[in-house]
Amino acid sequence: MLSPEKLQRINELSKKSKTVGLSREEAKEQTSLRKQYLEAFRGSMRETIENVKVVDEEGNDVTPEKIKQIRRNKRLN
């Protein structure tokens, strides 16, 4: 995930954009920080999904084959 300092800066820029407005440089910084945040979030979500095991009511592993294949590929690399 993003560092606490970067998250704080995202929040500062968001508040400032709603009240006073942002300079051109601040708007670029905000765009860059948001992009970094989304990349970190998506990576974290991807890792979570790839490590989930789906089990039915009878205890059978019904994890989608695509997820199983991703896990196998990671083990080989």
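Structure's up top.
Residues numbered from 1 in each chain as written. Predicted model: local features only at pLDDT ≥ 70, side-chain atom pairs only at ≥ 80, totals over all residues. Heavy atoms only, no water.

Novice: For the side chain of E50, give the residues involved together with the corresponding values.
Specialist: For E50, the location among the structural elements is in helix 2 (residues 24-50). A distance of 2.5 Å separates a polar atom in the side chain of E50 from a polar atom in the side chain of K74. If near-sequence neighbours (up to four positions away) are discounted, E50 is found in contact with I67, I70, R71 and K74. (Helix = DSSP H or I, 4+ residues; strand = E, 2+ residues; numbered from the N terminus. Polar contact = N/O pair within 3.5 Å; in protein donor to acceptor, adjacent residues only side chain to side chain. Contact = heavy atoms within 4.5 Å.)

Novice: Which residues make up a nonpolar patch on the surface, and what values go with them?
Specialist: Together, M1, Y37, L38, F41, M45 and I49 give the surface a local cluster of nonpolar side chains, amounting to about 570 Å² of exposed area. Position of L38 among the secondary structure elements: in helix 2. (Patch = residues over 30% accessible without salt bridge, like charges linked within 9 Å, V, L, I, M, F, W, Y side chains within 5 Å. Areas by Shrake-Rupley, 256 points an atom, 1.4 Å probe, with all protein chains shown as cover. Salt bridge = Lys/Arg side-chain N within 4 Å of Asp/Glu carboxyl O.)

Novice: Could you give an account of the pattern of salt bridges, naming the residues involved and the relevant values?
Specialist: One pass over the structure, following the stated rule, counts 6 salt bridges. Of the charged contacts in the structure, one is a salt bridge between E29 and R9, with a shortest N-O distance of 3.0 Å. Residue E29 is located in helix 2, and its partner R9 is located in helix 1 (residues 4-19); the two are separated by 20 residues in the primary sequence. Note on E29: relative accessible area 29%, which makes it partly exposed. Judged by its relative accessible area of 27%, R9 falls in the partly exposed class. For the salt bridge of E26 with K16, the shortest nitrogen-to-oxygen distance reads 2.7 Å. Of this pair, E26 sits in helix 2 while K16 is found in helix 1, placing the two residues 10 residues apart along the sequence. You can call E26 buried: its relative accessible area is 16%. Looking at K16, the relative accessible area reads 31%, which means it is partly exposed. Salt bridges sharing partners connect three or more residues here, namely R9, E12 and E29. (Buried < 20%, exposed > 50% of the residue type's maximum accessible area, 1.4 Å probe, protein only.)

Novice: Kindly report on helix 1, identifying the contributing residues and their values.
Specialist: Its 16 residues give helix 1 an end-to-end C-alpha distance of 23 Å, which sits within 8% of 22 Å, the value for a rise of 1.5 Å per residue. Every buried residue of helix 1 is listed here: I10, L13 and S14. Looking straight down helix 1, one finds that the buried residues subtend no more than 105 degrees of arc, so they occupy a single side. Turned more than 90 degrees away from the buried face of helix 1, the exposed residues are P4, E5, K15 and T19. Of the surrounding secondary structure, the elements contacted by the buried residues of helix 1 are helix 2. Looking one or two places after helix 1, you find G21, whose phi comes out positive at around 105 degrees. (Expected span 1.5 Å × (residues − 1). Arc of directions from axis to C-beta.)

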